[in-house]
Amino acid sequence: MFVLFLCNLSLVPAAASKNKVKGSQGQFPLTQNVTVVEGGTAILTCRVDQNDNTSLQWSNPAQQTLYFDDKKALRDNRIELVRASWHELSISVSDVSLSDEGQYTCSLFTMPVKTSKAYLTVLGVPEKPQISGFSSPVMEGDLMQLTCKTSGSKPAADIRWFKNDKEIKDVKYLKEEDANRKTFTVSSTLDFRVDRSDDGVAVICRVDHESLNATPQVAMQVLEIHYTPSVKIIPSTPFPQEGQPLILTCESKGKPLPEPVLWTKDGGELPDPDRMVVSGRELNILFLNKTDNGTYRCEATNTIGQSSAEYVLIVHDVPNTLLPTTIIPSLTTATVTTTVAITTSPTTSATTSSIRDPNALAGQNGPDHALIGGIVAVVVFVTLCSIFLLGRYLARHKGTYLTNEAKGAEDAPDADTAIINAEGSQVHAEEKKEYFI
């Protein structure tokens with residue numbers, strides 16, 4: 001960063017006339033302060049208006065002449081002439097060091113000599129910061145103290161701390177003057193207690209300084225935190241049923257990484273190794289039964305400690321498709337009704353058997369076909385039995401109906417006699433009985 005010094009001078013020669021002297025009294029050299037970063041180049045400029053061939057000169061803080069007009073007076077390869085005229089004298093100082101800082105003088109050799117001062121400020125660039133105090137690994141719950149330090153800044157640099165991109169304000173700050181008594185060493189200390197969430201987090205120390213041109217220097221420390229395992233059991237299904245498989249996954253996190261997990265049931269070993277297979281962190285029960293009910297425990301261990309989790313297994317029955325308390329009574333009632341009306345409506349059973357139970361749950365499948373088939377078979381059987389009994393009843397009571405011809409033919413030797421006997425016996429004949437179906 002360079003700032004130019006301007007120096008405007010009005011010079012009057014020593015042998016000038018009275019009018020020229022009066023004119024020169026309104027002229028004065030003009031300069032401007034300069035700030036430059038250490039190692040950079042500074043431009044010192046002195047200007048004067050209406051100069052009448054009066055000489056200009058630059059001198060350093062030690063009052064050594066650097067340039068007199070366009071003539072170099074000091075043997076220093078870092079100092080060069082930029083421009084020389086009656087109205088301007090500009091020089092450059094390259095590879096500026098802290099020792100170059102001070103007050104420079106531009107002189108206009110009038111009578112009397114007129115001067116203008118320009119101050120050269122040299123900024124000390126802070127060194128790249130370093131973070132100390134971290135020893136890997138750190139145990140969870142320990143107090144950590146990190147120190148960030150940088151030297152060579154002028155003026156003193158500013159240090160800021162960040163964790164997870166969030167600035168930490170509660171820090172200690174210390175500024176010390178270096179041996180050259182020109183620059184400063186700055187340090188800042190950060191104290192905090194670590195937990196497992198800090199593992200892998202980057203802690204950043206940032207140095208801000210005007211010499212860095214809005215590009216701060218940073219140092220970073222990635223934390224490594226060791227902690228005991230955390231364990232959780234995850235079942236493959238939330239509603240385990242009898243006859244189905246079940247996988248229990250033991251999810252364990254820790255640093256260092258936990259060793260292979262240990263599975264137990266009700267405080268002891270797994271009772272059925274043939275059905276209960278352990279694969280890595282998974283316990284696979286091939287098919288469930290009621291004897292599998294119990295408390296399963298998963299235990300994980302690393303060099304820091306041990307942790308475990310438990311899962312209570314309750315094996316549920318496989319739910320039936322139908323609800324027997326609502327379906328069976330409804331179908332039984334339909335069967336009785338069919339039996340009473342069987343002689344007049346032989347097709348009623350088929351119709352009744354297709355009636356859907358109004359109490360069945362919505363969304364279920366239809367009734368069990370085996371149950372319906374059994375009920376239909378019972379209806380058919382009852383129908384056949386009814387027909388058989390009815391036919392037998394009719395056959396046994398058929399003899400009670402006798403015609404006139406049959407009554408006369410019991411004792412008659414021929415047909416004529418039988419007719420006569422039938423007419424004579426009509427008086428004493430019992431009442432005829434008829435049965436209709």
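The structure we're discussing is the one just above.
Residues numbered from 1 in each chain as written. Predicted model: local features only at pLDDT ≥ 70, side-chain atom pairs only at ≥ 80, totals over all residues. Heavy atoms only, no water.

A. Layout of the pairing of strand 22 (residues 276–279). Relative to strand 23 (residues 282–285), strand 22 runs antiparallel, the two being bridged by 4 bridges. In the strand pairing of strand 23, Met276 is matched with Ile285. Between strand 22 and strand 23, which pair antiparallel in sequence order, lie 2 residues; one of them, Gly280, sits at a positive phi of approximately 65°. (Pairing = 2+ DSSP bridges. Helix = DSSP H or I, 4+ residues; strand = E, 2+ residues; numbered from the N terminus.)

B. Quick look at the sheet that holds strand 12 (residues 143–153). The sheet built from 4 strands is open, its strands ordered 10-12-16-15 with antiparallel pairing. At either end of the open sheet lies a strand with only one pairing partner, and these are strand 10 (130–132) and strand 15 (172–177). Looking at each pair of strands side by side, their axes are set apart by 20° on average, direction ignored. Pairing of strand 12 with strand 16 (residues 184–193) involves 9 bridges; the strand directions are antiparallel. From the neighbouring strand, Thr150 faces strand 16, where its bridge partner is Val186. (Axes fitted to C-alpha atoms, helices over the stretch in contact; angles between N-to-C directions.)

C. Up close: the environment of Thr237. Residue position: Thr237 is located in the loop between strand 19 (225–235) and strand 20 (246–255). Thr237 sits 11 residues away from Leu248 along the chain, and the two C-alpha atoms are 9.0 Å apart. Not counting chain neighbours up to four residues away, the residues in contact with Thr237 comprise Leu246 and Tyr311. Engagement of the side chain of Thr237 in a polar contact is seen with the backbone nitrogen of Phe239, the distance being 3.3 Å. (Contact = heavy atoms within 4.5 Å. Polar contact = N/O pair within 3.5 Å; in protein donor to acceptor, adjacent residues only side chain to side chain.)

D. Seen up close, the pairing of strand 17 (residues 202–208). Alternating residues of strand 17 divide into Val203, Cys205 and Val207, all buried, and Ala202, Ile204, Arg206 and Asp208, none buried. Where strand 13 (residues 158–163) lies against strand 17, 6 bridges are found, and the strand directions are antiparallel. Note that in strand 17 the partner of Asp158 across the bridge is Asp208. Pairing geometry for strand 17 and strand 18 (residues 217–222), over 6 bridges, is antiparallel. Looking across to strand 18, one finds that Cys205 is bridged to Ala219. (Buried < 20%, exposed > 50% of the residue type's maximum accessible area, 1.4 Å probe, protein only.)

E. Inspection of the state of the cysteines at higher detail. Counted under the stated rule, the structure contains 3 disulfides. A sulfur-sulfur distance of 1.7 Å marks the disulfide that ties Cys148 to Cys205. Between Cys148 and Cys205 the disulfide shows an S-S torsion of about -65°. By sign, it is left-handed. Separated by 57 residues along the polypeptide, Cys148 in strand 12 and Cys205 in strand 17 bring together distant segments of the chain. (Disulfide = S-S within 2.5 Å.)

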